[in-house]
Amino acid sequence: MADEIDDCNLDEPKFKRPRINSESLKTGETRDAGQSDKGEVEKQGNCDQRNETDGKLRSEIVTGVKHVLHENPEETDEMKANIEQGKDSSIEEASEDDPDILRNTCASEKDVGILEFVSNLPGFHGVLKQRYTDFIVRERDLLGNLVRLSDTSLPRKEKNKDFGLDVLSEEEKEKIQQVIDDKEKKTLATLSPDDDKDHRRLVHRTIRENFAFLDSDTVDVGNQKAVRVFHKRDSSGRQRNSRWPSEIENYCWFVLYKENKDTMDAINLLSKLLRIKAGIFGYAGTKDRRAVTTQQVSVYRVRAEQLQELNSSLRNLCLGNFQYCKEPLKLGSLSGNHFIITLRNVVGDHREIEESLKSLKINGFINYFGLQRFGTTSVPTHKIGCALLLSNWSEAIDLLLNPRSGESDDLTAARQHWKDTHDAKETLKKLPKRKGIESDLLLGLVRHGPSGLVKALQSISRNTRLMYVHAYQSYVWNYVASKRIKEHGMKPIIGDLVVASKSAASCSLDTGTSGPQDTVEFISEPSRTSVTVLTRDLLETGQFTIHDVVLPLPGYDVVYPDNSLKDEYRKIMANDGLDIDNMRHKVKDYSLSGAYRKLLVKPSLMSWRWLRYNDVKQPLVVTDKEALSGALEPESVPDGKYWALQLEFTLPTSTYATMALREVLRSDTSSAYQSTLNQE
């Protein structure tokens, strides 16, 4: 992701070692999942109220949400997470004080082919993401249902059985307490001899239900059996939960509500607190950091009660809407995302702005890949991808390791040493002590030497390397899309491609309401979709519009438009030394099959409202967490000093909200430009 999480928000909560209390540890009376008793919710969830920064739009808040189900099946939002984990933060840190750093280093819209607009209407001034609560994203599942945090109580199945400590004697409770109090986690306690197998099973279950960090087994004590208690000794997740209750499904699904956090950072924090591997969590896709987002997550064999207990200590996160399911949540298992975006300090003729919004609603916007696709440094990711596709291994390595503008002095010194000497071992010594793409690559170079550059590059995670080559596909797609709109306008032409079949999901502003209904269309398998080439006869039927047209991302398994656009693909790639007829690669990871992407996208369920306000720190929307506590929607302040425009709409997967906003604002969506607006 383009944003990085604040270290202070990732501090592990300081849990006190529990004292055994048979009353407090029994499962209390809780309401059924789905009910909305706000007072009870507040008790059970105990989610901290948000604590926002006041301020200035930080330079790293690249706008727009990155969606999942990308156009190549190998690419997922997990790849984005991996590439961001390796990204150095020095540019972001430095640019908070000097936004010109980003202005001079990051790719511009023009650099990556974002050139045209659908309408010719004028734009207006508005500030995006002045506060992270100005950007709310709610996932829509495959059925179009809105994913919201509406309940933090336990599901009914969790309440049916009570495994209190009354099955233990006072002596046994004292022994277990000694295990709990052992800071080194080495103490083992053997409970009283017990030949009753059913009773031992109940004791095992009681320990697991009441102490998530303890485990137990059965041992021989003389001629009898006894239960032995100890701290869990591994973090494999599946192994420690092997004795899972048969009456409960294997996966606990829940809604993850997060504020100003990246999805992967949130998942990693939960895995750390639960002492399980992050890999046993499932999610449909990642959401941006600088936003308030809700999405579904699944986890293998973790009880809802364990998740719910975290709410009392989590900061800017809240878990709820628990349910048990047979299957995990898989990447791409969503139909789209619903946005509530607040533009602050809006300046412009309201009638003209309304006309632009109506045009966006009716005609849509060009489905460009947004700037965040191409990275936040002076070396755009698509240039690295191009070098990899050309097998220019040395060039790719230099692009990754040579000096870059706006970075910290120590990192710049290490990069300069590489440029001057190409000595991987010494450069690694000079590199700041933080794990990232540069350190992985240098370690690979030390290991494999100058003759093993391909293997050295493979020291970088596969997902990250795929991100580079997919960024090049996106770069080509953007330029061809601009050419298509500029030369042929808003009507389908002979030779255009249309999708033969597509998926759609009904959606509303809230599940179970009788409010406005709409449909969100999406290409469920963009790399396997069949397309039709428009002929004169098909055009004359009038059944196709510009909104049915798709463009391919270049690859060896796609059909290209049967018109001048095919030559445009050939020309763009030939300028980079690539051939669209030879997209297979000797390194399998860089063999691109291609995919299809809609040229235009129309928002679903689009609406807007005007608000006036005086305080720039004033929240202008109620979050799900605040709604649980009974907060009311903010009202417009009569004669307020500033105008705000609040837009609400749903977009399909793999669509950038920033590109929708660009259509009406007609201004630069780069983080550098947005930073300057917040300094005004």
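That block above? That's the structure.
Quick caveat, the model's predicted, so the values are computed rather than measured.

### Quick word on the nonpolar core
In globular proteins that are soluble, nonpolar side chains generally tend to be buried together. Within the largest apolar cluster, 93 residues are counted, with the highest numbers of intra-cluster contacts made by Leu388 and Leu445. The element contributing the most residues to this core is helix α17 (residues 462-488), with eleven residues. Once residues lying within four places of it in the same chain are set aside, the contact partners of Leu388 are Trp393, Ala396, Leu457, Arg465, Tyr468, Val469, His585 and Tyr590. In this structure, Met264, Leu307, Leu314 and Leu319 belong to the second largest nonpolar core, which totals 33 residues.

### Observations concerning the sheet that holds strand β16 (residues 549-553)
Here four strands make up an open sheet; going across it, the order is β15-β12-β16-β17 and the pairing antiparallel. For this open sheet the edge positions go to β15 (531-533) and β17 (595-598), each flanked by a neighbour on one side alone. Strand-to-strand twist across the sheet, computed as the mean angle between neighbouring axes with direction ignored, equals 50 degrees. The pairing of strand β12 (residues 497-499) with β15 spans three bridges and is antiparallel.

### Section: helix α15 (residues 437-448)
Along its twelve residues, α15 runs 16 Å from first to last C-alpha, staying within 8% of the 16 Å computed at 1.5 Å per residue. Residues Ile437, Glu438, Ser439, Asp440, Leu441, Leu442, Gly444 and Leu445 constitute the buried set of α15. Phi turns positive, to about 75 degrees, at Gly449, one or two residues after α15.

### Structural notes on the environment of Leu307
With respect to the helices and strands, the residue Leu307 is situated in helix α9 (residues 304-310). Take Leu307: its relative accessible area is 0%, and that puts it in the buried class. The spacing of Leu307 and Phe254 is 53 residues in sequence and 8.8 Å in space, taken between C-alpha atoms. Look past the residues within four positions of Leu307 in its chain and what remains in contact with it is Cys252, Phe254, Leu274, Val299, Val302, Leu319 and Phe322.

### Things to note about the packing of aromatic side chains
All chains considered together, the criterion is met by eleven aromatic pairs. Look at Tyr472 and Tyr475: their rings are 5.8 Å apart centre to centre, the planes differ by 35 degrees, and that puts the pair in the tilted class. A residue pair is termed a helical-turn pair when its members lie 3 or 4 positions apart in one helix, as Tyr472 and Tyr475 do in helix α17 at three residues. The exposure class assigned to Tyr475 is buried, which follows from its relative accessible area of 14%. With centroids separated by 5.8 Å and ring planes inclined at 85 degrees, the aromatic side chains of Trp610 and Trp643 adopt a geometry described as edge-to-face. Taken together, the residues Trp610 in strand β19 (residues 604-613) and Trp643 in strand β20 (residues 642-652) connect sequence positions 33 residues apart. Every member of this aromatic cluster is reached through a ring pair, and the members are Phe135, Phe339 and Phe649. Note that Lys129 overlies the ring of Phe135, its terminal NZ or CZ placed 4.3 Å from the centroid. The ring centre of Phe117 lies 4.0 Å from the NZ or CZ of Arg666, which sits over that ring.

### A short note on the state of the cysteines
A covalent bond between the sulfur atoms of two cysteines is what we call a disulfide. Under the criterion given, the structure shown has zero disulfides. No disulfide involves Cys325; its sulfur sits 8.3 Å from the nearest other cysteine sulfur, which is in Cys252.

### So, the sheet that holds strand β5 (residues 224-231)
Spatially, three strands are ordered β3-β5-β4 in an open sheet, and the strand pairing comes out antiparallel. At either end of the open sheet lies a strand with only one pairing partner, and these are β3 (189-190) and β4 (214-221). Running over the sheet, helix α6 (residues 170-181) touches β3, β4 and β5 and is turned about 30 degrees from β5.

What counts and what doesn't
Residues numbered from 1 in each chain as written. Predicted model: local features only at pLDDT ≥ 70, side-chain atom pairs only at ≥ 80, totals over all residues. Heavy atoms only, no water. Core = buried A, V, L, I, M, F, W, Y, C linked by side-chain atoms within 4.5 Å. Buried < 20%, exposed > 50% of the residue type's maximum accessible area, 1.4 Å probe, protein only. Helix = DSSP H or I, 4+ residues; strand = E, 2+ residues; numbered from the N terminus. Contact = heavy atoms within 4.5 Å. Pairing = 2+ DSSP bridges. Axes fitted to C-alpha atoms, helices over the stretch in contact; angles between N-to-C directions. Expected span 1.5 Å × (residues − 1). Phe/Tyr/Trp six-rings, centres within 6.5 Å; stacked < 30°, edge-to-face > 60°. Lys NZ or Arg CZ within 6 Å of the ring centre and 35° of its normal. Disulfide = S-S within 2.5 Å.

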